[in-house]
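# Observations on the model geometry
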Amino acid sequence: MRTTAAAARRARRLVVVLVTSFAAMLASTLAYADGIDVSHWQGTINWSKVKAAGMQFAFMKATESTTYTDTQLATNWAGVQAAGLYRGAYHFARPKVGTAPAQAKYFVSRVGSFQGAGTLPPVLDLEASGGLGVTALRSWTASWLQTVEQLTGRTPIIYVSPAFWEHYLGNSTAFTRYPLWIAHYGVTTPRVPGGWPTWTFWQRTSSGTVSGISGNVDMNRFNGTTAQLAALSNTTGGSTDLVPPGVTIPTGDPTAVNLTPSTSATTAINGSVTLAGDLRRTADGSALAGLPVTLYSRAVGSSSSNVVGTGTTDGLGHYAFTTNVPQATQYQVVFVGDTTRAGALSTVVTVSTPTRLKPTVYLHKNKTSRVRKGTAVMVYGHLKTSLGPVTGKYVRFYKRPARGGRWTYVRASKSLAPTGWYSTTVRPRRSTTYKAVSIADTYRLAATSNLVTVWVR
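Heads up: these notes are all about the structure in this document. Predicted model only: the values in this text are computed from it and were never measured. (Residues numbered from 1 in each chain as written. Predicted model: local features only at pLDDT ≥ 70, side-chain atom pairs only at ≥ 80, totals over all residues. Heavy atoms only, no water.)

Time to look at the overall build of the chain. In terms of regular secondary structure, the chain is built from 7 helices and 29 strands. Looking at the chain residue by residue over its 457 residues, the buried ones come to 49%. Put simply, 64% of the contacts in the chain that link residues at least 6 apart link residues at least 24 apart. (Helix = DSSP H or I, 4+ residues; strand = E, 2+ residues; numbered from the N terminus. Buried < 20%, exposed > 50% of the residue type's maximum accessible area, 1.4 Å probe, protein only. Contact = heavy atoms within 4.5 Å.)

Right under this line is the structure:
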């Protein structure tokens with residue numbers, strides 16, 4: 001147990017309660033994903049008030065080394081579940097005090113299997129190196145993560161600051177299979193170290209306030225949709241809509257961002273479309289200049305969103321993105337907020353594309369008469385649509401006995417410029433029928449060729 005003021009401040013950064021909507025566990029759906037972290041330093045927490053304040057899930061401190069269990073773990077673990085929040089727990093790493101497997105086993109023995117519905121993955125909190133060098137600390141970290149994964153069947157989360165990871169673990173890129181919970185204060189976007197493509201949780205400040213908790217508390221955010229959060233928590237529910245950035249802590253001026261296609265809302269497959277809008281202060285409609293906004297996209301019917309790009313508003317608060325549309329796609333723009341302005345999310349804009357094209361797949365052979373067993377025969381054709389030849393796409397060849405039977409895969413051939421030509425050479429040892437198949441993709445439907453039979457005498 002730490003008794004100094006500095007230790008207290010470090011302890012307050014060790015557990016997180018994260019906010020996002022999840023219809024499976026809460027009657028109401030909130031439109032943001034912010035939260036707090038707690039340990040015994042927060043004392044007794046009124047979790048019903050925390051829930052009423054908009055908190056929707058919580059990580060809490062569980063253990064240190066192989067001997068210490070947080071005095072509020074049992075109370076918080078039960079209270080979070082009773083309030084209807086997602087719950088999770090973390091282990092504060094003490095490298096060199098005890099082996100990584102021993103600490104991992106102690107952690108799991110105090111928390112449990114992490115298998116219950118509504119339970120977030122286990123977390124390794126990396127804030128102390130224990131005097132280990134880069135190589136030794138990497139090994140210690142890998143051992144802890146592997147042991148916990150073996151014991152629980154869950155992929156653990158790594159909590160760390162960018163500076164700690166870059167200095168004490170040499171900015172290792174060997175851990176990107178584990179979700180990243182990044183601690184980075186005073187920025188509009190956290191720095192992501194170690195080759196991670198993005199963060200999963202972001203601890204944004206240590207000076208938040210939440211009803212039901214005395215004093216300041218750390219605030220955090222989940223990076224994804226509420227459906228993704230539900231899946232991460234061993235349950236189902238939530239929404240596939242993008243999660244707005246939510247309340248900026250300290251609470252800032254409300255903002256509003258809009259989005260419209262400045263060209264037609266229908267474009268050719270892979271056609272170009274420009275999406276534009278404005279970022280403004282809600283109170284008086286004044287333009288917000290020089291601020292970053294991010295455009296997200298997802299295919300219609302998909303629950304997975306992708307970043308198209310990030311831009312900056314001009315002097316009139318205006319921004320614009322130009323992108324190609326491979327298929328019917330939904331777009332939204334996010335302003336994540338900063339220390340003085342709250343975040344905002346635009347409405348969804350759908351850009352449609354025409355129906356996928358139906359290709360034609362032809363198949364021929366270069367031997368018209370019967371051939372001897374094992375003779376080389378070329379089977380070939382051209383892949384086309386109404387727009388012309390299709391090049392650079394693989395066509396799969398299949399075969400079966402000439403008088404019927406089961407189709408089996410032979411090989412694939414890429415269609416070549418400029419005519420969409422494809423071919424393969426076969427050496428049948430008995431009379432065999434062949435066909436070519438073009439698999440459906442973003443732009444085209446599936447298609448199957450005519451049948452070609454090579455007769456063997």
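Next comes the rest of the write-up.
The geometry of two aromatic rings is summed up by the distance between their centres and the angle between their planes. Counted by the stated rule, this structure contains 19 aromatic pairs. On the numbers, 4.7 Å between centres and 80° between planes, the contact of Tyr159 with Trp181 is edge-to-face. Taken together, the positions of Tyr159 in strand β7 (residues 157-160) and Trp181 in strand β8 (residues 180-183) put the pair 22 residues apart, joining distant regions of the chain. Here Tyr159 matches Trp181 in class, with each residue buried. Centre to centre, the rings of Phe175 and Tyr178 are 6.5 Å apart; their planes meet at 40°, and the pair counts as tilted. Given a relative accessible area of 5%, Phe175 falls into the buried group. Connected via pairs of aromatic rings, a cluster forms that spans Phe57, Phe59, Tyr86, Tyr159, Trp181, Phe201 and Phe222. (Phe/Tyr/Trp six-rings, centres within 6.5 Å; stacked < 30°, edge-to-face > 60°.)

Quick look at the nonpolar core now. Nonpolar side chains in soluble globular proteins tend to end up buried together. Formed by 47 residues in total, the largest nonpolar core has its most connected members in Ile36, Trp47, Val50, Phe107, Leu126, Trp144 and Ile158. It is helix α5 (residues 134-152) that provides the largest number of residues to this core, a total of 6 residues. Other than its neighbours up to four places away in sequence, Phe107 contacts Ala62, Thr63, Ala89, Tyr90, His91, Phe114, Pro122, Val123, Trp144 and Val148. Of all hydrophobic cores here, the second largest spans 18 residues; its members include Leu259, Leu275, Leu291 and Val325. (Core = buried A, V, L, I, M, F, W, Y, C linked by side-chain atoms within 4.5 Å.)

By the alternation rule, side chains of strand β2 (residues 34-37) split into Asp34 and Ile36 and Gly35 and Asp37, which are all buried. Here 4 bridges tie β2 to strand β10 (residues 217-222), and the two strands are oriented antiparallel to one another. For Gly35, the partnering residue across the bridge sits in β10 and is Asn220. (Pairing = 2+ DSSP bridges.)

The step from Ala417 to Pro418 runs through a cis peptide bond, and the omega angle for that step is 0°. Secondary-structure assignment places Pro418 in the loop between β25 (408-414) and β26 (421-426). Positive phi, normally seen in glycine, also occurs at Lys96, with a value near 80°. Among the structural elements, Lys96 can be located in the loop between β5 (86-92) and α4 (100-111). Unusually for a residue other than glycine, Asn234 sits at a positive phi of about 65°. Among the structural elements, Asn234 can be located in the loop between α7 (226-232) and β11 (255-257). What makes Asn234 partly exposed here is its relative accessible area of 29%.

Here we come to the pattern of salt bridges. Counting across every chain of the model gives 7 salt bridges. A salt bridge links Lys61 to Glu64; the shortest N-O distance between them is 2.4 Å. Since its relative accessible area comes to 1%, Lys61 is described here as buried. In this structure, the salt-bridge partner of Arg94 is Glu64, at a minimum N-O distance of 3.1 Å. One end of the pair, Arg94, is in the loop between β5 and α4; the other, Glu64, is in strand β3 (residues 57-64), and 30 residues separate them in sequence. Among the residues examined, Arg94 registers a relative accessible area of 25% and is labelled partly exposed. The exposure class of Glu64 is buried, given its relative accessible area of 9%. Taken together, the salt bridges that share partners define one network made up of Lys61, Glu64 and Arg94. (Salt bridge = Lys/Arg side-chain N within 4 Å of Asp/Glu carboxyl O.)

For α5, built from 19 residues, the straight-helix expectation of 27 Å at 1.5 Å per residue is met to within 8% by its first-to-last C-alpha distance of 27 Å. Residues of α5 that are buried: Leu137, Trp140, Thr141, Ala142, Trp144, Leu145, Thr147, Val148, Glu149 and Thr152. Two residues or fewer past α5, Gly153 is found with a positive phi of approximately 75°. (Expected span 1.5 Å × (residues − 1).)

Now for the environment of Met60. Residue position: Met60 is located in strand β3. C-alpha separation for the pair Met60 and His40, spaced 20 residues apart in sequence, amounts to 9.1 Å.

What follows is about the pairing of β5. Looking along a regular strand, one sees the side chains alternate between the two faces of the sheet. For β5, the buried fraction is high: 7 of the 7 residues fall into the buried class. Along β5, one buried face is formed by Tyr86, Gly88, Tyr90 and Phe92 and the opposite face, lined by Arg87, Ala89 and His91, is buried too. By the bridge criterion, 7 bridges tie β3 to β5 in an arrangement that is parallel. Within β5, the position partnered with Ala58 by the bridge is Arg87. Judged from the 3 bridges that link them, β5 and strand β6 (residues 123-125) form a sheet pairing that is parallel. Bridging from a neighbouring strand, Phe92 pairs with Asp125 of β6. Read as a crossover between parallel neighbours, the route from β5 over α4 to β6 is right-handed. (Right-handed = clockwise from strand over helix to strand, strands pointing away.)

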